[in-house]
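Coordinate analysis (summary)
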Amino acid sequence: MDAAFTAEQDEIRRTLRELLAKHGGPREVRAAVGTPEGHDPALWHRLARELGLPGLALGEEYGGVGCTATELALACEETGRALLPSPLLATAVLAAPLITALGTPGQRARLLPRIADGTLTAALAVPGGSMATALGLTADNRAAAWAGGGRAGGVQARRDPEGGGWRLYGEADRVLDGHSAGLLLVAAHTGGYPRSRTLLFLVSAEAPARAPVPAEAPAPVPVPAEVSAPVDGLTRTRLTSMDETRPLARVELRDTPAELLGTDDAVDGTDVCGALADTGCTAAAVLAAEAVGAAAGALERTVAYVKEREQFGRAIGSFQAVKHRLADLYVRVEAARSAAYHAARDPAAGPLALAQALEAARIVAGEAVQLHGGIGFTWEHEAHLYVKRAAADELLFGPVHRLRDHAAGRAGLFGDVTSRSLAYGTSATGAARGAAV
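Remember, predicted model here, so these are calculated numbers, not experimental data.

**Observations concerning the layout of surface pockets**
- Computed from the structure, the second largest pocket encloses a volume of approximately 320 Å³.
- Gly24, Arg81, Ala82, Arg301 and Tyr386 are the residues nearest the centre of the second largest pocket, which is lined by 17 residues in total.
- When contributions to the lining of the second largest pocket are tallied by element, the ones reaching two or more residues are α1 (7-23), α2 (26-33), α4 (69-81), α8 (272-308) and α11 (383-397).
- A breakdown of the residues in the lining of the second largest pocket according to their chemical character gives eight nonpolar, three polar and six charged.

**Comments concerning the environment of Tyr305**
- Examined against the element boundaries, Tyr305 turns out to sit in helix α8.
- Separated by 67 residues in sequence, Tyr305 and His372 place their C-alpha atoms 7.1 Å apart.
- Other than its neighbours up to four places away in sequence, Tyr305 contacts Ile316, Leu371, His372 and Ile375.

**Section: the pattern of salt bridges**
- Across all of its chains, the model carries 24 salt bridges by this definition.
- Through salt bridges with shared partners, one network takes in Asp243, Arg246, Glu290, Arg389 and Asp393.

**Topic: the pairing of strand β5 (residues 197-204)**
- Most of β5 sits inside the fold, with seven of its eight residues counted as buried.
- As judged from the eight bridges shared by strand β4 (residues 183-190) and β5, these two strands associate in the antiparallel manner. Note that in β5 the partner of Ala188 across the bridge is Leu199.
- Pairing of β5 with strand β8 (residues 248-260) involves two bridges; the strand directions are antiparallel. By the bridge assignment, Leu202 is partnered in β8 with Glu259.

**Here's the deal with the environment of Asp278**
- Locating Asp278 in the fold gives a position in helix α8.
- By relative accessible area, which is 55% here, Asp278 ends up exposed.
- The sequence separation of Asp278 and Gly136 amounts to 142 residues, and the corresponding C-alpha distance is 8.4 Å.

**What about the packing of aromatic side chains?**
- With the rule as written, the count across this model stands at two aromatic pairs.
- Taking 4.9 Å as the distance between ring centres and 90° as the angle between the ring planes, the aromatic pair formed by Phe5 and Tyr341 counts as edge-to-face. Taken together, the residues span a long stretch of sequence, with Phe5 in the segment before α1 and Tyr341 in helix α9 (residues 320-345) at a distance of 336 residues.
- Looking at Arg254, its charged tip hangs above the ring of Tyr169, at a distance of 5.1 Å from the centre.
- One residue, Arg314, lies across the ring of Phe319, its end atom 4.5 Å from the ring centre.

**Section: the nonpolar core**
- Of all hydrophobic cores here, the largest spans 118 residues; its most connected members are Leu124, Leu168, Leu184, Leu185, Phe201 and Leu354.
- Apart from the residues lying within four places of it in its own chain, the contact partners of Phe201 are Ala157, Trp166, Leu168, Leu184, Leu185, Val186, Ala188, Ala258, Glu259, Leu260 and Leu261.

**Details of α8**
- Over its 37 residues, α8 runs 53 Å from end to end, which matches the ideal 54 Å to within 8%, given 1.5 Å per residue.
- Here α8 lies mainly inside the structure; 28 of its 37 residues are buried.
- Between the side-chain oxygen of the N-cap and the backbone nitrogen of Gly274 there are 3.0 Å, and the N-cap of α8 in question is Asp271.

**So, unusual backbone geometry**
- Here the amide bond leading from Gly398 into Pro399 is cis, since omega sits at 5°, within 30 degrees of zero.
- By secondary structure assignment, the location of Pro399 is in the loop between α11 and α12 (400-411).
- A positive phi angle, close to 55°, is found at Leu83, a residue other than glycine.
- With respect to the secondary-structure elements, Leu83 resides in the loop between α4 and α5 (88-102).
- A positive phi is found at Asp177, a non-glycine position, where the angle reads about 60°.
- You can see Asp177 is positioned in the loop between β3 (166-176) and β4.

**Here's the deal with the confidence of the model for the chain**
- Looking at the chain, the pLDDT average stands at 85 and 85% of residues meet or exceed 70.
- The low-confidence segment residues 207-229, where pLDDT is below 50, has 29 contacts with residues more than four positions distant or belonging to other chains.
- Every residue in residues 417-437 is under pLDDT 50, and counting partners more than four places away or in other chains gives 17 contacts.

**Observations regarding the environment of Glu50**
- The residue Glu50 is located in helix α3 (residues 41-51) in this model.
- Glu50 gets classed as partly exposed once you look at its relative accessible area, which sits at 46%.
- Between the C-alpha atom of Glu50 and that of Asp117, which follows or precedes it by 67 residues, the distance is 9.9 Å.

**Here's the deal with the side chain of Glu290**
- Relative to the helices and strands, Glu290 resides in helix α8.
- When residues no more than four places from it in sequence are discounted, the contact partners of Glu290 are Cys76, Glu77, Thr79, Gly80, Leu89, Arg246, Arg389 and Asp393.

**So, the side chain of Arg337**
- One can find Arg337 in helix α9.
- Residue Arg337 is classed as buried on the basis of its relative accessible area of 13%.
- Separated by 2.4 Å, the side chains of Arg337 and Glu334 make a polar contact.

**Points about the packing of α1 against α3**
- For the pair α1 and α3, the least separation of the axes is 12 Å and the interaxial angle reads 155°. It follows from the interaxial angle that α1 and α3 lie roughly antiparallel. For the pair α1 and α3, the sense of crossing is right-handed. For the pair formed by α1 and α3, the contact residues are Thr15, Leu16, Leu19 and His23 on the first element and Leu43, Arg46, Leu47 and Leu51 on the second.
- Looking at the contact of α1 with α3 residue by residue, the class counts come to five nonpolar, two polar and one charged.

Each value, and the rule that gives it
- Residues numbered from 1 in each chain as written.
- Predicted model: local features only at pLDDT ≥ 70, side-chain atom pairs only at ≥ 80, totals over all residues.
- Heavy atoms only, no water.
- 1 Å grid on protein atoms, 1.4 Å probe; cavity = no way out; pocket = protein on both sides within 12 Å on 5 of 7 lines; lining within 4 Å.
- Points joined across faces, edges and corners; volume = space filled by probe spheres on them.
- Helix = DSSP H or I, 4+ residues; strand = E, 2+ residues; numbered from the N terminus.
- Nonpolar A, V, L, I, M, F, W, Y, C, P; charged D, E, K, R; others polar.
- Contact = heavy atoms within 4.5 Å.
- Salt bridge = Lys/Arg side-chain N within 4 Å of Asp/Glu carboxyl O.
- Buried < 20%, exposed > 50% of the residue type's maximum accessible area, 1.4 Å probe, protein only.
- Pairing = 2+ DSSP bridges.
- Phe/Tyr/Trp six-rings, centres within 6.5 Å; stacked < 30°, edge-to-face > 60°.
- Lys NZ or Arg CZ within 6 Å of the ring centre and 35° of its normal.
- Core = buried A, V, L, I, M, F, W, Y, C linked by side-chain atoms within 4.5 Å.
- Expected span 1.5 Å × (residues − 1).
- Polar contact = N/O pair within 3.5 Å; in protein donor to acceptor, adjacent residues only side chain to side chain.
- pLDDT = per-residue confidence, 0-100.
- Axes fitted to C-alpha atoms, helices over the stretch in contact; angles between N-to-C directions.
- Parallel < 35°, antiparallel > 145°, perpendicular 65-115°, else oblique.
- Left-handed = near helix turned anticlockwise from the far one by under 90°.

Dropping the structure here:
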C-alpha cells in the first residue's frame, strides 16, 4: 500500500491548518463554545464556502467536492489539533452518509446540497445515549437493545392516520450538536412488540438564523438552557458536558411529525443497522484522525513549553527524564497516526484505529498537564481542554477496552465465547474465564 498523500491532500491539510491558526486559536475556541450554537457560525460558513469542508466526501452531483474518507480524515485531524468546535462531525461524518445510503433520490437531492454548502447542519439522535453501540463500535447493533425496543422505551414511531406521515414519541440523550442542528436523524422503533424494528426518521428542526458572534466580543453570551424549535412536540435542551467543544443535547419528542428516511415500500427491508455499522466504521476512522490531531496538538504545545521553562538555570526540556517522557509520547502519537491513516483507506480497521488513537490522546493529554507543572492545572491554560476532549470522546464513542474487545470478537480471536461462557457460568467472571480457555 502506498502511504504517501497526493498533492491535493497535502494542500487540504496545509490550507486548513493556516486558516485555523488565524481563526481557531484558544481564544476563539473559548468564545465559540459560549455561543448559543456551541460553535462559531461565521467560521463554519467560511470553512464551507472557501474549503467545502462539510461536502468534502459528498458526490459532485450534490454540490460536494467528491473526495473520499481519507480527505475528510485529514481535515478532521487539523480540526482536532485546534480542538475546533464545529458541526463537522455530526453533519458530515455521521448524518450525511446515512442520508446518502438510505435516503430516496428526492431526499438526497433536497438535503445533501444544503449540507454540502454549510447552510444545513444535522445530528444523529439515538435513544439511551448509546451512540457507540448504535454505530456498531462496541457491540453488535443488531443484537443489542440500544434503541429501547419492546413495548416501551427508546423512541417509538407510528403512522399518522391523518397526514399519512409518521409521529415520534420518546427521548434521546447525549445527542451531539442536537441543540443547534437544523435536521435531526432520529432512530425509532416501529411495528409494535412482535415485529419491532428500528428505522431512521427525519425531523426538521430549523430555527431562525442567529447573528454570528464577532471574534472580538469581550465575553460570550450565556448559553440558554433550552433551544426551542418550530416543530410541534419537539424540545431540545443543551446539556452541561465535560468537553464544551463537544456540545451535547437532550431531544424530547412528543407526538412530533417526522419523515421516514427512505421509502414506505422499504420499511420491512431497509437494513438500518447495516447502514449504521458501515457509517460507524468510517466515522471511527475519521474520529481516530481527529484524536491523533488533538494528541499531536497537546504534544506540540508541551514541547514548546519545556523549551522555554527553566529550572536550575536550564530549560527543563534538556533534562534526560523529560526527554524520555516526550519521546514515549511521540512514539504513541506516530503509531496512532499510522493506524488512523490506514483506517482512512480501509474503514474496516476504523474501530481498532480509534481505540489506539483515543488511548494515545488520553495519555498524551495527561502527560501534557504534568509536564506543564502548576500552570497546567489552571483553568486559564488550554491543557485541560485536551484532557476533557480525550475523556469525552471515550465516553461518547468508546471506551477503549470495549472497542478492542468488540473488534477482537468480530475477528474471531476468542472463538465462540458464548458457548464457552455457558460452561463456566453465565456471570461476567464465567464469561471471562471461558474466553481465556
